[in-house]
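# A look at the structure
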Amino acid sequence: MAEELKDWFDRGFYKELAGALADEHPPLDRRAFVRDACRSLEDLSLLERLARTASLCRKHLPDDYPKALGIVSAVAPRYDGTFKALFAPEFVARYGRQDRRRSLQALRHLTHFGSAEFAIRHFMVDDFDDTLAVMTRWARDDNHQVRRLASEGCRPRLLWLFQLK
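This write-up is about the structure you can find in this document. (Residues numbered from 1 in each chain as written. Predicted model: local features only at pLDDT ≥ 70, side-chain atom pairs only at ≥ 80, totals over all residues. Heavy atoms only, no water.)

Mapped onto the elements of the fold, Asp141 is located in the loop between α8 (128-138) and α9 (144-153). Here the alpha-carbon distance between Asp141 and Arg108, two residues 33 residues apart in the chain, equals 10 Å. Not counting the four nearest positions on each side in its chain, Asp141 is found in contact with Arg108, Val146 and Arg147. At 2.8 Å, the side chain of Asp141 and the backbone nitrogen of Asn143 are in polar contact. (Helix = DSSP H or I, 4+ residues; strand = E, 2+ residues; numbered from the N terminus. Contact = heavy atoms within 4.5 Å. Polar contact = N/O pair within 3.5 Å; in protein donor to acceptor, adjacent residues only side chain to side chain.)

Rendered as structure tokens:
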């Protein structure tokens, strides 16, 4: 039987992620992070697990968004090319919307390791014209992953996510 994507976010992943985050931020309490992550984990869907992972980063990393973003951004490359990397753009979408410029640049960077297509949509809802202008520049980027973010992120419909109107 094939493993479900949600099962990639299991106790082993959270132990690994806690270690990676602690490498960048030594005060992180690894045990507390894993304990919080695994509470009723079996009841959570894939998207709920992504949301939990982002909220755990918010809870266990510095309150200062730029510092926490730096830590999350430093850890994301460890999950390059896997669905697990989506926790980082999810963190940006949930906690970085008040710091648009920094967060959009972070999404541009983070899309190299997975995808930021879900996350960018929240910024489009907040300020469609400004975000679309940024994405229009990205559509001409040298990197194909950034171009993919620009094209796929502004599609009116994306699987698993709200529609843009």
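From this point, the discussion proceeds with the structure in view.
Before going further, it helps to examine the pattern of salt bridges. This model, assessed by the stated rule, comprises 13 salt bridges. Note that Asp126 and Arg97 form a salt bridge whose closest N and O atoms lie 2.6 Å from each other. Note that Asp126 is positioned in helix α7 (residues 117-126) and Arg97 in the loop between α5 (87-95) and α6 (100-110), a separation of 29 residues in sequence. Take Arg97: its relative accessible area is 28%, and that puts it in the partly exposed class. Each of Arg35, Asp36, Arg39 and Lys59 takes part in a single network of salt bridges with overlapping partners. (Salt bridge = Lys/Arg side-chain N within 4 Å of Asp/Glu carboxyl O. Buried < 20%, exposed > 50% of the residue type's maximum accessible area, 1.4 Å probe, protein only.)

The biggest cluster of nonpolar side chains holds 53 residues, and the ones touching the most others in it are Leu21, Phe87 and Trp138. Of the residues forming this core, the biggest block, 7 residues, is contributed by helix α1 (residues 11-24). Ignoring anything within four residues of it in the chain, the contact list for Phe87 reads Leu17, Leu50, Thr53, Ala54, Cys57, Val72, Val75 and Tyr79. (Core = buried A, V, L, I, M, F, W, Y, C linked by side-chain atoms within 4.5 Å.)

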